[in-house]
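As a plain string of letters, each chain reads:
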Amino acid sequence: MSYKACLFDLDGVLVDTAIYHFQAWKKLGENFNYQLTEEQNEQLKGISRVESLNRILAWANFSATAEQKETWLIEKNTIYLDLISNMNPNEILPGVIDFLVQIKAEGYKIALGSASKNAEIILEKTNLLPWFDLIIDGNKVTKSKPDPEVFLKGAEGLGVSASECIVFEDAQAGVEAAKAGGMKAIGIGEDTVLGRADKVIPNFVGIFSADLLKF
Ligand code: BG6
Ligand code: MG
């Protein structure tokens, strides 16, 4: 086996939190009369909280003070935490557990590479935490995807080289981050959105890891 580690994004790959982020940003946008569209939300996937707010304010053509931004970042997260408060293992995306069972049995190291500062809460609520050898989340990085920092820290922490890693991502920025880090990228979602990935699958349902992880 030439690949030794699988690095997973969280939101939209393992669990369906992308919809909660969208709902929370839409609600926050009411503060400055802005209606976020689904297309715009797509561009926010994988992007940190603060950078997401900056982009939304730029789209809205709204110049906020630093204090306002700080308040809105807290407000967005409060709305988001409320939305995810009842998350449970049923919200793990279809096929994910079967896939984790396979790669664990095959000896891959498993890490999380997420921009979210709420990653551990979500992994706990969904009982996914025990699957991970290492968690790199938004609290451990300074640069947002498409910078490769989150995945490079994952490789380093697992003690493998970047070229031995395969990244699973649902966001354009995440695929770019994996490629910038010199890793293989498997897109989860639509080919039209994730064209830069080495492979794209719609989801993990019925996926046979020995086939998928062959490059
Ligand atoms: C990423 C999501 O995983 O985490 C983004 O795709 C989100 O939409 C980012 O903004 C940061 O998340 P959080 O939980 O720290 O606000
Ligand atoms: Mg994601």
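Note that this is a predicted model, so its numbers are computed, not measured. (Residues numbered from 1 in each chain as written. Chains lettered and ligands numbered in written order. Predicted model: local features only at pLDDT ≥ 70, side-chain atom pairs only at ≥ 80, totals over all residues. Heavy atoms only, no water.)

A. Seen up close, the overall build of the protein chain. Per the secondary structure count, the protein chain includes nine helices and six strands. Taken over C-alpha atoms, the radius of gyration comes to 17 Å for the protein chain, in line with the 17 Å a tight globule of 215 residues would show. By principal-axis analysis of the C-alpha atoms, the protein chain measures approximately 50 × 35 × 30 Å. Here the protein chain holds 215 residues, and 49% of them are scored as buried. A fraction of 61% describes how many contacts in the protein chain between residues 6 or more apart in sequence connect residues 24 or more apart. Carbon and sulfur atoms make up 50% of the accessible area of the protein chain, which amounts to about 10,000 Å² in all. Charged side chains in the protein chain number 21 positive and 30 negative. The centres of these two groups are separated by 4 Å. (Helix = DSSP H or I, 4+ residues; strand = E, 2+ residues; numbered from the N terminus. Rg over C-alpha atoms; globule rule 2.2 N^0.38 Å. Buried < 20%, exposed > 50% of the residue type's maximum accessible area, 1.4 Å probe, protein only. Contact = heavy atoms within 4.5 Å. Areas by Shrake-Rupley, 256 points an atom, 1.4 Å probe, with all protein chains shown as cover. Lys, Arg positive; Asp, Glu negative; His and termini not counted. Charge placed at Lys NZ, Arg CZ, Asp CG, Glu CD.)

B. Expanded view of the site of ligand 1. Every one of the 16 residues lining ligand 1 counts as a neighbour, but D11, G46, S116, K117 and N118 are closest to it. At 2.8 Å from an oxygen atom of ligand 1 is found a side-chain nitrogen or oxygen belonging to R49. Contact between ligand 1 and S116: an oxygen atom at 2.6 Å from a side-chain N or O atom of the residue. Expressed as a share of its isolated accessible area of 390 Å², the protein-covered part of ligand 1 is 96%. Secondary-structure elements contributing two or more residues to the shell around ligand 1 are α3 (49–60) and α4 (66–84). Grouping the amino acids of the shell around ligand 1 by side-chain chemistry returns four nonpolar, seven polar and five charged. (Near = heavy atom within 4 Å. Polar contact = N/O pair within 3.5 Å; in protein donor to acceptor, adjacent residues only side chain to side chain. Nonpolar A, V, L, I, M, F, W, Y, C, P; charged D, E, K, R; others polar.)

C. Highlighting the coordination of the magnesium ion (ligand 2). Around the magnesium ion (ligand 2), the donor atoms from the protein are D9 (OD), D11 (O) and D170 (OD), and they sit 2.0 to 2.1 Å away. Of note, the donors binding the magnesium ion (ligand 2) are all from one chain and are spaced D-x1-D-x158-D. Of this pair, D9 sits in the loop between β1 (5–8) and α1 (18–29) while D170 sits in the loop between β4 (165–169) and α8 (172–180), placing them 161 residues apart in sequence. (Donors = N, O, S within 2.8 Å, 3.2 Å for Na, K, Ca; no water.)

D. Region of interest: the sheet that holds strand β6 (residues 199–201). Within the open sheet, the six strands sit side by side as β3-β2-β1-β4-β5-β6. Their pairing is parallel. Unpaired on one side and paired on the other, β3 (134–136) and β6 mark the two borders of the sheet. Between one strand and the next, the sheet's axes are offset by a mean angle of 20°, whatever the strand orientation. In this sheet, β6 lies alongside strand β5 (residues 184–188) in parallel orientation, the contact comprising three bridges. (Pairing = 2+ DSSP bridges. Axes fitted to C-alpha atoms, helices over the stretch in contact; angles between N-to-C directions.)

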